[in-house]
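Chain by chain, the residues:
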Amino acid sequence: MDSQGMKELAGVRAADDLVKPGMKLGLGTGSTALYVIRRVGARYAAGELKGLRVFATSFQTELECETLGIPHYALNSPELAGGLDLTIDGADEIDPEQRLVKGGGGALLIEKLAAYNSASYAVVADQGKLVSSLGLRFPVPVEVIPEARNAAAGALEKLGASVKLREALRKAGPVITEHGNLILDILFREAVCPAEMETRINLIPGVVENGFFAGGPLKLKGPLVYIGREDGTVDRLWR
Ligand code: 5RP
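None of these values were measured; they are calculated from a predicted model.

Cut-offs applied
Each chain has its residues counted from 1, running along the sequence as written. With the structure being a predicted model, the display of local features is reserved for residues of pLDDT at least 70 and the display and counting of side-chain atom pairs for 80 or more, all residues being used for whole-chain, interface and lining totals. In computing side-chain properties, one takes all heavy atoms of the structure into account and sets aside hydrogens as well as water. Strand pairing requires that DSSP identify at least two bridges connecting the strands. Counting from the N terminus, the helices are DSSP H or I runs at least four residues long and the strands are E runs at least two residues long. Remark: exposure states derive from per-residue accessible area (1.4 Å probe, protein chains only) relative to the maximum for the residue type, with buried under 20%, exposed over 50%, and partly exposed in between. Working definition: the arc comes from the directions between the helix axis and the C-beta atoms, pointing outward to the latter. Contact between two residues is taken to exist if any of their heavy atoms lie within 4.5 Å; hydrogens are not considered. Nearness is defined per residue: one heavy atom within 4 Å of the molecule or strand is enough. As used in this structure description, the phrase polar contact means that two N or O atoms lie within 3.5 Å; if the pair is within protein, one of them must be able to donate a hydrogen and the other to accept it, and residues adjacent in sequence are counted only when both atoms belong to side chains. Here the accessible surface of atoms and residues is derived via Shrake-Rupley with a 1.4 Å probe, and residues count as covered only by protein chains that are part of the display. Think of it as three bins: nonpolar holds Ala, Val, Leu, Ile, Met, Phe, Trp, Tyr, Cys and Pro, charged holds Asp, Glu, Lys and Arg, and polar takes everything else, Gly as well.

Colleague: So what exactly am I meant to see when it comes to the sheet that holds strand S11 (residues 212-213) here?
Modeller: Think of a sheet as strands paired side by side through backbone hydrogen bonds, with each pair either parallel or antiparallel. In space, the three strands of this open sheet follow the order S4-S5-S11, with antiparallel pairing throughout. Unpaired on one side and paired on the other, strand S4 (93-94) and S11 mark the two borders of the sheet. Examined bridge by bridge, strand S5 (residues 100-101) and S11 share two bridges and lie antiparallel to one another. Paired with Val101 across the strands is Phe212, a residue of S11.

Here's what the structure looks like:
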């Protein structure tokens, strides 16, 4: 089975196991999260999820919800009142303690807002996302305000990382996030403590958020991780 097949297995299983009628549900971003969204859309259309209220973590997710007729709301709306029952999202890397790197799609700021304001949190991924240490292979994104680009890059280098400004595809120049910021992709030369780095990076002036999801500033609940495997099975990992 290829990685898309594994992503679909994990996404469909999580949407079937975890999503219940009446929930305030955060829906993540990316190709694996799309399988969750589509399954939730199908279940909603079949009348299985009455009273569902969704928070979309990106423009991509919002558009997909609109296409599928899934009711979605702002996090500040009276319907959601700043809190969620459950968020399901993808990840770029998952370590043995189920700590994550996220933000490959540049949506880390709102994805983290959803994750840290959800009573429970689940991650869906293919087995290729499992690593022994975070931040050594897949870059950790750091969202910075444009004015902080050089100063923040210097501070991140002092933390032991190499830094690269994320370039846009099919548009000249850098990626501009949905909040008008830039993304610095960083790779560490040696293994780091993800929770400590999550906190330390956010102390750099001009940094808005970073892609470590390790329970640094708040205690991240879970996550429950669904891993689609090459042999067609799905593992559920829980710390
Ligand atoms: C977007 C994310 C995604 O969840 C992450 O990049 C995984 O993406 P995919 O499921 O396409 O591999 O964090 O900001």
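Colleague: Looking at this model, I keep getting lost on helix H6 (residues 194-202). Mind explaining?
Modeller: Note: α-helices contain 3.6 residues per turn, so residues at a spacing of three or four share the same orientation. Inspection of H6 places Pro194, Met197, Glu198 and Ile201 among the buried residues, and these make up the whole buried set. Buried residues of H6, seen end-on, are gathered within an arc of 105° and therefore sit on one face of the element. Among the structural elements, helix H4 (108-116), strand S7 (140-144), helix H5 (149-158), strand S9 (182-188), strand S10 (207-210) and S11 are those in contact with the buried residues of H6.

Colleague: Please clarify how the site of the ligand should be interpreted in this entry.
Modeller: In the vicinity of the ligand lie 17 residues, with Ser31, Thr32, Asp92, Gly103 and Lys129 positioned nearest. Note that an oxygen atom of the ligand is positioned 3.2 Å from one of the backbone N or O atoms of Gly105. Ala107 has a polar backbone atom sitting 3.2 Å from an oxygen atom of the ligand. Summarising the interface, the protein chains cover 91% of the accessible area of the ligand, which totals 380 Å² for the free molecule. Looking at the shell around the ligand residue by residue, the class counts come to two nonpolar, nine polar and six charged.

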